[in-house]
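# Summary of structural features
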Amino acid sequence: MDHTELDHTEFNDHVDGLYRGDYAGLPIVSLRPPGAPHPPAGEAAWRVSVRVYDAKETFEEHFARFIETVDTAEVRALIVGGWEDAYEKEASAPVRLLAESAARFPALRSLFFAAMPQEECEISWIQQSDVTPLLESFPLLERLEVRGGTGLELRPVRHEHLRVLRFEAGGLPASVVRGVGMSEFPALEYLEAWLGTSEYGGETTAADLENILSGERLPALRHLGLQDSEIQDEVAALVASAPVVARLESLSQAMGVLTDRGAEALLSGQPLTHLTRLDLHHHYLTDAMVGRLTAAFSGSGVELDVSGQKEADGEWRYVAVAE
């Protein structure tokens, strides 16, 4: 990223928001037919992807063509989409190819891994693997986004330059949450994790969040999103007293099954009026609680998002993204 300050308005939790046609401020471009002109390598976000079903070539073959065609030394943003049979073949091969080719991408700063839209592969069907090599192999990377939680792993790591870390999952493994909390990210400003549901592998507990919420290893953090959770009330209660919150600029408890109980915890916990944005969209709050929240933050300068009010079907509530 060339700018000093991150524009956090870019990250507003829209599912598949990547597919508006740009990434990291650059237009998304795929490999064109042989002989067709391409834009300068440094002026595009390059999408490297093959069809998940009935692929005409393997990801490895496509990636080899990409390296032969594009001046990868100038590539600043890369989007890895699908690989053949991604619903049953884990991501270790694409991860390995990227890691082994890291020297060819000295300018790479933004990487979105497994960016498959729903119609191509449901988020919970994506077979992930250990993505730690992506951080180990690209020490200058500033932005890493990963879609899919099935089989996902992240070992504790130290990375000096990472500023944005996002996990989109219908069920984020607790080990990944712990891995983030045990990692050293001195430059990280934006952290977003879709915790998901236990049905799809999201089994995060209070203990798993402890290191993230202390903020001790995240001195630069300005946005925290712990969202899309079936235990959103419990997460909100933890956030309400978390040390890291005092230095945040924005906070998201969106996309989950937040009820009046969780909102009450936020209202009765530490002050949140220092925030510029509090995102609670997709929730199960009553009209009365929405009114209380609106009144509490009125005139404070906090941009409050309480859109997407849902009604429970008996005891059943759903998160925004699961399968």
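Scroll up to find the structure this text is about.
Report follows, based on the coordinates.

With mixed pairing, the 12 strands of this open sheet are ordered in space as S1-S2-S3-S4-S5-S6-S7-S8-S9-S10-S11-S12. Both outer strands of the open sheet, strand S1 (22-23) and strand S12 (303-305), are each paired with one neighbouring strand and no more. When strand S6 (residues 143-147) meets strand S7 (residues 164-168), the two strands line up parallel, connected through five bridges. The residue bridging valine 146 from the neighbouring strand is phenylalanine 167, located in S7.

All right, on to the pairing of S6 then. Residues in a regular strand point their side chains to alternate faces of the sheet. The buried count for S6 comes to five of five residues, which makes it a mostly enclosed element. Side chains of S6 alternate between two faces, with Arg143, Glu145 and Arg147 and Leu144 and Val146 buried alike. In this sheet, S6 lies alongside strand S5 (residues 110-113) in parallel orientation, the contact comprising four bridges. Among the inter-strand pairings, serine 110 is bridged to a residue of S6, identified as arginine 143. Assessed by its sense of winding, the connection that carries the chain from S5 through helix H3 (residues 132-137) to S6 is right-handed.

We now examine a negative patch on the surface. Together, Glu199, Glu203, Glu230 and Glu323 make up a region of like negative charge exposed at the surface. Tracing the chain through its elements places glutamate 203 in the loop between strand S8 (190-196) and helix H5 (206-214). For glutamate 203, a relative accessible area of 54% translates into the label exposed.

The next thing to look at is helix H7 (residues 260-268). Every buried residue belonging to H7 is among Gly262, Ala263, Ala265 and Leu266, and all of these are buried. Looking straight down H7, one finds its buried side chains confined to an arc of 155°; they lie on one side. Turned more than 90 degrees from where H7 packs its buried face, Arg261 and Ser268 sit exposed.

Before going further, it helps to examine helix H2 (residues 92-100). One turn of an α-helix holds 3.6 residues; hence residues three or four places apart share an orientation. Every buried residue belonging to H2 is among Pro94, Val95, Leu97 and Leu98, and all of these are buried. Along the long axis of H2, the arc covered by the buried residues comes to 160°, so they all point the same way. Check the buried side of H2 and you find it contacts helix H1 (59-69), strand S4 (77-80), S5 and H3.

Let us look at the packing of aromatic side chains. Geometry of an aromatic ring pair is reported as the spacing of the ring centres plus the angle between the planes. Going through the model one piece at a time under the given rule, you end up with 10 aromatic pairs. A centroid spacing of 6.0 Å and a plane angle of 15° characterise the contact between phenylalanine 59 and phenylalanine 63, whose relative ring orientation is stacked. Residue phenylalanine 59 and its partner phenylalanine 63 are located together in helix H1, separated by four residues, close to a single helical turn. Given the relative accessible area of 3%, phenylalanine 63 is considered buried. Here the aromatic cluster, defined as three or more aromatic residues joined through ring pairs, consists of Trp46, Phe59, Phe63, Phe66 and Phe105. Sitting over the ring of tyrosine 284, arginine 317 keeps its end group 5.9 Å from the ring centre.

Another point: the pairing of S8. With seven of seven residues buried, S8 is to be regarded as a mostly interior element. Burial of S8 is two-sided: the residues Tyr190, Glu192, Trp194 and Gly196 facing one way and the residues Leu191, Ala193 and Leu195 facing the other way are all buried. Two elements, S7 and S8, share four bridges in a ladder whose sense is parallel. Bridging across to S8, leucine 165 finds its partner in leucine 191. For the crossover that starts at S7, traverses helix H4 (residues 174-182) and ends in the parallel S8, the hand is right-handed. Looking at chain direction, S8 and strand S9 (residues 223-229) are connected through six bridges and run parallel. In the strand pairing of S9, glutamate 192 is matched with glycine 225. As for the winding sense of the linkage, the β-α-β connection from S8 through H5 to S9 is right-handed.

How each quantity is defined
- For every chain, the first residue of the written sequence is number 1, and numbering continues from 1 along that sequence.
- Per-residue local features are limited, in this predicted model, to residues with pLDDT of at least 70; the limit for side-chain atom pairs, both in listing and counting, is 80 or more; totals at the level of whole chains, interfaces and linings are taken over all residues.
- Excluded from the side-chain calculations are hydrogens and water; all other atoms, namely the structure's heavy atoms, are used.
- For two strands to be treated as a pair, DSSP must find at least two bridges joining them.
- Put simply, DSSP H or I for four residues or longer makes a helix, DSSP E for two residues or longer makes a strand, and each gets a number counted from the N terminus.
- Using a 1.4 Å probe on the protein chains alone, a residue whose accessible area is under 20% of its type maximum counts as buried, one over 50% counts as exposed, and one in between counts as partly exposed.
- The crossover handedness rule: strands pointing away from the viewer, path from first strand over the helix to second strand clockwise, crossover right-handed.
- For patch detection, residues must exceed 30% relative accessible area and be free of salt bridges, and they are connected within 9 Å for like charges or within 5 Å for nonpolar side chains (Val, Leu, Ile, Met, Phe, Trp, Tyr).
- Residue exposure ignores everything except the shown protein chains as possible cover, and the areas themselves are Shrake-Rupley values with a 1.4 Å probe.
- Put simply, a salt bridge is a Lys or Arg side-chain nitrogen that is within 4 Å of an Asp or Glu carboxyl oxygen.
- Asp and Glu count as negative and Lys and Arg as positive, but His and the ends of the chain are not part of the count.
- A charge is said to be at NZ when it belongs to Lys, at CZ for Arg, at CG for Asp and at CD for Glu.
- Here the arc refers to the directions that run from the helix axis out to each C-beta atom.
- We call two residues in contact when some of their heavy atoms are within 4.5 Å.
- A pair of Phe, Tyr and Trp rings is counted when the ring centres sit within 6.5 Å of each other, with Trp represented by its six-membered ring. The angle between the planes then sorts it: under 30 degrees is stacked, over 60 is edge-to-face, the rest tilted.
- A ring is scored as having a charge over it whenever the NZ atom of a lysine or the CZ atom of an arginine sits within 6 Å of its centre and within 35 degrees of its normal.

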